[in-house]
Amino acid sequence: MFRRMLLSVLVRQKKKLFLIALTVALGVSLATAMLNVMFDVGDKVNQELKAYGANLNIVPKGAALVNELYQLDDKQDAIQYIKQDDLVKIKMIFWAYNIVDFAPYLTTQVMVNGKPVTLVGTWFNKHLTIPTGDEVDTGMLAMKSWWSIEGNTMKDDNLQGVMVGEAIAKQLNLKLGDSIELTSSTQKITLTVNNIFHSGGVEDNELYVSLPVAQNLANKVGLVERVEVSALTTPENDLARKAAQDPNSLSRTEWDTWYCTAYISSIAYQLEELMPDVRVKAIMQVAESEGSILQKTQLLMLLLTILSLICSALAISNLVTANVIERSTEIGLLKALGATNTSVAMLILTEILIIALLGGIVGYFIGLGFAQIIGQTVFGSFVEPKMIIVPLVLIMVSLITLLGSMPALRIMMFLRPTDVLHGR
Amino acid sequence: MNKNQRFILKTLFSSLIRRRSRIAIALLGVAIGATVLLGMVTLCYDIPRQMGQEFRSYGANLLLMPANNQSTMPMTEVKKAVDLLPSDKVLGVTPFRYDSIRSNQQPYTIVGTQFDQVSKTSPYWKIEGELPKNPNEIMIGTDIAQFAKLSIGSTMPISGKSKENSRFDEELTITGIVKTGRAEDNFIFIDLNDLETLLEERNQAEVVEISIMATQDELQRYIQTIKEHSNTVEPHLIKWVTQSEASVLGKLSSLLYLVTLVVLILTMICVATTMMTVVMERRKEIGLKKAIGATNKSIAKEFLAEGLILGIIGGVIGVICGLIFAQVISANVFGRSIVVEFYLIPTTIVISAVVTIIACLIPVKRALEVEPALVLRGE
């Protein structure tokens, strides 16, 4: 009997139940979309903040001051360098996958038309094979997203090309395709202007060439001066601050937590561990600001998600109540025929739960679609569906429909069959 | 007022009074819709600006440098240039002055600045200890501290030459150690006035950093204005900061717009379905009215009026809740109160009225198409 009544309600009242299913579907899709985006927004925004470029600077130990303090001239070999062969180790630390990009730099002075100019050798977009078997493309161009560059993209195997800063190009009256003669203390070479760039910083007064060219000119084959690293990091907290002062002050468990979290200080520490004789300095301007913006965005999304969940919950339960009230005649009839309050309540609840679950399943997939639309249009990347959302949404739907039916069920309990059937 | 109008008013009134629980449900639905509408749109409007303020933690975005190959510029000229900028948007103006000195025969770079402004233009500086407050107090970079084994409280002798070519020797106390990961780690910081006393020069600056809340286009405009009005000061855009800010902020705002759009569409549909259920229930009533001679037009009019009243009342409740909603979020996330665009309030009420009316009229129209006898018989 129960099953027959249930079935016939589901079949006969298609239109009304369809509205409930639709509302539940919409509410669930909203919840799914917001939750998915919320869980992913941290990673996505973190990736976007990489537009600010490097947040770590690797310099040889001691070099930070030696150069400036003693004002050594470049001919002496007292200044320390990082070995180029060590660079692949950057991609071999515990948090290797969090290293987005890195680029080595070697600076040297050359003469152009009798004027001293700073020449920088770097990787533009170098293809590397890591001993672990991974292959990566990394270099400066990806890290300097704010540069406006004229001309074809510079390649690392382009040993005749040079990227010229805007200010120096104006000074020397250079255009794309012009030749430029560089004299170092030992050599003289001629390069072609491949790009002219505008950075808005000191780089506008510099020349950028492929690393081997600079190494040859400076007579420093296989050496680099510093490395800029752009890493995805977790915003700092008290533990990270404590560790940044002195990692040895942490307790064993604290140390483990710190080491296994992608704090900027632990990434710096791991890099220092793996590469001999370097100091890794966090660039505070990038690291600190990144953390604060990331936290703000996550909090914002979290609050928006909670509020939209509340709104969809209210909307769903509201509709369920409306639906039950509307059926008072039917309920009155059932009661007049001798149905108990419990059996009527069971019937209505089962019916609404079935409909809500059907709507919820449809809504979940619509929500995934919405999340993908948001991910694609805003960040141009896939929003990964999180499994944790499925049970969350399931619980939400059941709770909301049950709670939403409560006021309606209460009204039903006090319904007097005669009144209803009489039409009052 | 003729009889007919009185009748409509009476039915309207009694329909609103007698069916309290249904009306409460409908009102709640409309109010939720209006809350979300106003709350989300207000946030959408204000958050890019709030976020813009957060991005100022990346530091200065405008630089003033001396024009015409001069090494310094007078602070009076700088002040004139800064006065051209909207003062409510300028967060900080920090002058810098560089000079080389020696301490224990080793050369260092000493930087004169105004410490109260530094913390505004460069909030990311990690400072151990305190900023110098008194004369003869300095802050040093962390690399110097490590190299020279200096700590907070110790003193550092410095010697140098003033611009008038007289020598100075001072013993300075370290009150703080700064760490930035950049060149600042190798500098000694001192109050600008103290440095100028040593240098025997007044009110000059080599570089002035300005942190100002503005988009890249606005900054370009400010630069143009300063260029037109001043020939001693040359403004520069710090492209590194502005360009990245523009791109990240753009992404964040479009995320917010999309989320708002999705939420709005969904809630509006929810409101409509609730209204439709509430109205659908009244097919019998419509049938009865038609049977006793009401025209389709007069029934439609009645529901229209009912929808309008519900929409407006629900809209007003929603506006109040929506404002609270936006304030709560803004206060929690940014710790600032939100700026409300007042034209949004009537707009929200109008939109909720329109949505309610449309949602009412769809089921009414369908009920009107049916023969009254069929509806009354309950089919």
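This one's a predicted model, so the numbers in the text were calculated from it and none came from an experiment.

*Asks:* Looking at this structure, how should I read the nonpolar core?
*Replies:* In a soluble, globular protein the nonpolar side chains are often hidden away together inside. Membership of the largest hydrophobic core comes to 211 residues, with the highest contact counts inside it found for I20, V37 and L56 of chain A together with I188 of chain B. If one sorts the elements of this core by residue count, helix α2 (residues 14-49) of chain A sits on top with 20 residues. The contacts of I188 of chain B, once residues within four sequence positions are left out, are Y108, I110, V111, I138, I140 and I144 of chain B.

*Asks:* Please clarify how the pairing of strand β4 (residues 115-122) of chain A should be interpreted in this entry.
*Replies:* All names here are of chain A. Relative to β4, strand β3 (residues 99-112) is paired through eight bridges, and the arrangement is antiparallel. Of the residues in β4, the one forming a bridge with V112 is K115. Connecting β3 to the antiparallel partner β4 that follows it, the hairpin turn spans two residues, and N113 within it adopts a positive phi of roughly 50 degrees. Where β4 lies against strand β11 (residues 206-210), five bridges are found, and the strand directions are parallel. Within β11, the position partnered with T118 by the bridge is E206.

*Asks:* Any chance you could explain the interface of chain B and chain A here in plain terms?
*Replies:* By a widely used convention, the size of an interface equals the accessible area lost when the partners come together. The interface is formed by 56 residues belonging to chain B together with 58 residues belonging to chain A. In terms of residue count, helix α8 (residues 239-280) of chain B provides more of the side of chain B that touches chain A than any other element does, 23 residues in total.

*Asks:* Just checking my understanding: could you explain the pairing of β11 of chain A for this structure?
*Replies:* Residues and elements named next belong to chain A. Within β11, four of the five residues are buried, which leaves it mostly tucked inside the rest of the structure. In this sheet, β11 lies alongside strand β8 (residues 161-165) in antiparallel orientation, the contact comprising two bridges. Bridge pairing in β11 links M163 to Y208.

*Asks:* Would you take a moment to explain the UniProt feature "domain: ABC3 transporter permease C-terminal" (unreviewed entry) in chain A for this structure?
*Replies:* UniProt tags residues 304-410 of chain A as "domain: ABC3 transporter permease C-terminal" (unreviewed entry). Secondary structure within residues 304-410 of chain A divides into 87% helix and 0% strand; the distance between the first and last C-alpha atoms comes to 32 Å.

*Asks:* Would you mind showing me how to read the domain arrangement of chain B here?
*Replies:* In terms of domain boundaries, chain B breaks down into domain 1 (3-54 + 247-377) and domain 2 (61-237). Its C-alpha centre places domain 1 of chain B at a distance of 58 Å from the equivalent point of domain 2 of chain B.

*Asks:* Hey, could you run me through the domain arrangement of chain A in this one?
*Replies:* Split into domains, chain A comes out as domain 1 (2-46 + 291-422) and domain 2 (55-282). If you average the C-alpha positions of domain 1 of chain A and of domain 2 of chain A, the two centres end up 54 Å apart.

*Asks:* For this particular structure, what's the right way to read the UniProt feature "domain: MacB-like periplasmic core" (unreviewed entry) in chain B?
*Replies:* Feature annotation in UniProt assigns "domain: MacB-like periplasmic core" (unreviewed entry) to the following positions: residues 24-215 of chain B. Helix makes up 32% of residues 24-215 of chain B and strand makes up 37%, while its end C-alpha atoms are separated by 46 Å.

*Asks:* Can you help me understand the packing of helix α7 (residues 238-245) of chain A against helix α8 (residues 252-259) of chain A in this one?
*Replies:* Each packed pair of helices is defined by two parameters, the angle between the axes and the distance between the axes. Residues and elements named next belong to chain A. In the contact formed by α7 and α8, the axes pass within 10 Å of each other and the chain directions differ by 100 degrees. Put simply, α7 runs roughly perpendicular to α8. Here α7 contributes L239, A240 and A243 to the contact with α8, which in turn contributes E254, T257 and W258. A per-class count over the contact of α7 with α8 returns four nonpolar, one polar and one charged.

Cut-off values and rules
- Residues numbered from 1 in each chain as written.
- Chains lettered and ligands numbered in written order.
- Predicted model: local features only at pLDDT ≥ 70, side-chain atom pairs only at ≥ 80, totals over all residues.
- Core = buried A, V, L, I, M, F, W, Y, C linked by C-beta atoms within 7 Å.
- Buried ≥ 20, exposed ≤ 12 C-beta atoms within 10 Å, placed from the backbone.
- Helix = DSSP H or I, 4+ residues; strand = E, 2+ residues; numbered from the N terminus.
- Contact = placed C-beta atoms within 7 Å.
- Pairing = 2+ DSSP bridges.
- UniProt positions renumbered as here; feature names shortened; annotations may be inferred.
- Domains from an automatic or database assignment.
- Axes fitted to C-alpha atoms, helices over the stretch in contact; angles between N-to-C directions.
- Parallel < 35°, antiparallel > 145°, perpendicular 65-115°, else oblique.
- Nonpolar A, V, L, I, M, F, W, Y, C, P; charged D, E, K, R; others polar.

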